[in-house]
Amino acid sequence: MLLQQEPQLRELRIFDLHLGPWLEELKTGPVQVTAIQGDVTQAHEVAAAVAGAHVVIHTAGLVDVFGKTSPETIHEVNVQGTRNVIEACVQTGTRFLVYTSSMEVVGPNIKGQPFYRGNENTPYEAVHRHPYPCSKALAEQLVLEANGRKVLGGLPLVTCALRPTGIYGEGHQIMRDFYHQGLRLGGRLFRAIPASVEHGRVYVGNVAWMHVLVARELEHRAALMGGQVYFCYDNSPYKSYEDFNMEFLGPCGLRLVGTRPLLPYWLLVFLAALNVLLQWLLRPLLLYAPLLNPYTLAMANTTFTVSTDKARRHFGYEPPFSWEESRTRTIRWVQAMEGSAQ
Ligand SMILES: NC(=O)C1=CN([C@@H]2O[C@H](COP(=O)(O)OP(=O)(O)OC[C@H]3O[C@@H](n4cnc5c(N)ncnc54)[C@H](O)[C@@H]3O)[C@@H](O)[C@H]2O)C=CC1
Ligand SMILES: CC(C)[C@@H](O)CC[C@@H](C)[C@H]1CC[C@H]2[C@@H]3[C@H](O)CC4=CC(=O)CC[C@]4(C)[C@H]3CC[C@]12C
């Protein structure tokens with residue numbers, strides 16, 4: 001999107017632990033695309049990649065709420081990695097830093113309190129225990145506190161944090177997991193969460209556009225945007241997590257069984273805890289990381305939706321992809337997966 005939408009772009013550096021062959025397709029245009037294989041936990045690698053950059057969009061992170069990696073690793077990547085990016089900007093003189101934070105910085109909290117149509121100023125007790133939200137909250141705090149620090153050359157660093165709600169769209173691993181689970185269950189998924197529990201979702205293309213816009217506007221609107229947080233939002237409908245997924249999985253042949261949860265909540269809690277035990281017992285042999293665990297159950301069962309226009313007011317954000325376009329593009333992606341699955 002940067003290559004298509006940013007006329008000022010002279011070089012795009014992509015720094016990632018895992019570089020894919022798709023990067024080669026980006027190198028066909030007039031803008032220099034530099035792919036750098038590196039680890040954000042290694043300060044020297046980050047500094048070398050950042051040196052000379054005008055703006056850094058820091059979106060690297062470990063998105064793990066399924067117990068696939070240790071809390072220490074999540075912290076190392078999400079917190080220390082962010083610290084390394086900030087220090088690289090300061091040491092090399094990069095003045096503008098955009099950070100991909102998350103709704104999880106706010107909630108749902110461990111008390112299961114709903115956040116209903118909230119915005120960036122809505123009072124809410126952001127209390128977390130899980131390593132992932134804790135790491136995102138710490139990293140966001142580091143980014144916002146770094147706003148105003150002097151970088152090499154003596155000018156101030158300008159930082160901003162974007163908080164996507166549940167991202168969906170092409171490449172969404174969790175959607176892929178739901179789809180494959182449905183295929184394994186004969187084309188069916190079984191409702192576990194009441195339809196009334198709404199979860200905010202945002203299309204990946206709109207999240208990407210918000211990042212491009214902030215990267216462009218941060219310099220000209222530093223006084224307004226510096227040190228600010230913005231929820232990433234669009235016109236995606238408010239639905240339960242499972243019903244929302246069915247907007248894409250339904251047209252691809254899956255069916256959500258039950259108009260209300262098929263199992264009582266206490267049994268779901270028991271099964272989620274059993275999954276944790278099984279994960280622990282099986283760890284020496286294999287990685288067992290099902291979708292259902294105590295954290296994912298609590299998240300899915302707590303309403304969290306945002307309603308805000310702060311990004312529009314501060315830097316003119318309007319989602320370029322309508323709900324219909326976002327839905328169609330995601331369905332096409334799942335269908336392409338379906339083709340590969342058959
Ligand atoms: N998936 C979601 O629903 C949401 C994600 N986010 C945030 O968006 C950002 C991107 O996440 P996703 O695209 O969902 O996940 P993703 O796993 O597709 O992207 C994360 C990227 O970070 C890279 N990475 C991981 N560890 C690294 C390391 N040590 N050094 C360098 N690169 C590393 C991965 O290779 C990957 O390309 C993350 O910061 C995440 O916390 C925020 C809100 C919602
Ligand atoms: C098994 C069922 C109970 C099923 O409904 C569980 C769904 C569960 C896997 C998801 C429900 C809410 C999701 C999280 C939410 O969208 C916020 C997120 C923000 C991020 O920064 C990363 C992803 C996630 C934690 C997302 C993960 C999947 C859910 C927990």
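Residues numbered from 1 in each chain as written. Chains lettered and ligands numbered in written order. Predicted model: local features only at pLDDT ≥ 70, side-chain atom pairs only at ≥ 80, totals over all residues. Heavy atoms only, no water.

For the protein chain, the name recorded in an unreviewed UniProt entry is 3 beta-hydroxysteroid dehydrogenase type 7, with Balaenoptera musculus as its organism. Quoted straight from UniProt, the Sequence similarities (unreviewed entry) entry for the protein chain says "Belongs to the 3-beta-HSD family." Under Subcellular location (unreviewed entry), UniProt gives the following word-for-word description of the protein chain: "Endoplasmic reticulum membrane". (UniProt positions renumbered as here; feature names shortened; annotations may be inferred.)

A. Inspection of the packing of aromatic side chains at higher detail. Scanning the entire structure with this criterion turns up 14 aromatic pairs. When the ring of Y168 is compared with that of F244, the centres are 4.9 Å apart and the planes differ by 70 degrees; the resulting orientation is edge-to-face. Pair noted here: Y168 is in strand 7 (residues 166-168) and F244 is in helix 9 (residues 241-249), with a separation of 76 residues, a long-range link. Aromatic side chains Y233 and Y317 sit 5.2 Å apart centroid to centroid with 85 degrees between the ring planes, which places their arrangement in the edge-to-face category. Taken together, the residues Y233 in the loop between strand 10 (228-232) and helix 9 and Y317 in the loop between helix 12 (310-315) and helix 13 (323-341) connect sequence positions 84 residues apart. Y317 sits in the buried class, given a relative accessible area of 1%. Through a chain of ring-to-ring contacts, the aromatic side chains of Y168, Y203, F244, F248, F321 and W323 assemble into a single cluster. Across from the ring centre of Y238, 3.6 Å away, lies the NZ or CZ of R117, which sits over that ring. Taking NZ or CZ as reference, K310 lies 4.9 Å from the ring centre of Y230, over its face. (Phe/Tyr/Trp six-rings, centres within 6.5 Å; stacked < 30°, edge-to-face > 60°. Helix = DSSP H or I, 4+ residues; strand = E, 2+ residues; numbered from the N terminus. Buried < 20%, exposed > 50% of the residue type's maximum accessible area, 1.4 Å probe, protein only. Lys NZ or Arg CZ within 6 Å of the ring centre and 35° of its normal.)

B. Up close: the pattern of salt bridges. Summed over the entire model, instances satisfying the criterion amount to 14 salt bridges. With a shortest N-O distance of 3.3 Å, E11 and R13 are connected by a salt bridge. Residue E24 pairs with K27 through a salt bridge whose shortest N-O separation is 3.5 Å. (Salt bridge = Lys/Arg side-chain N within 4 Å of Asp/Glu carboxyl O.)

C. Main features of the sheet that holds strand 10. With parallel pairing, four strands are arranged side by side in an open sheet as 3-4-6-10. Bordering the open sheet on either side are strand 3 (55-58) and strand 10, each of which pairs with just one other strand. The average angle at which neighbouring strand axes cross in this sheet is 20 degrees, direction not considered. Judged from the four bridges that link them, strand 3 and strand 4 (residues 96-100) form a sheet pairing that is parallel. Paired with V56 across the strands is L97, a residue of strand 4. (Pairing = 2+ DSSP bridges. Axes fitted to C-alpha atoms, helices over the stretch in contact; angles between N-to-C directions.)

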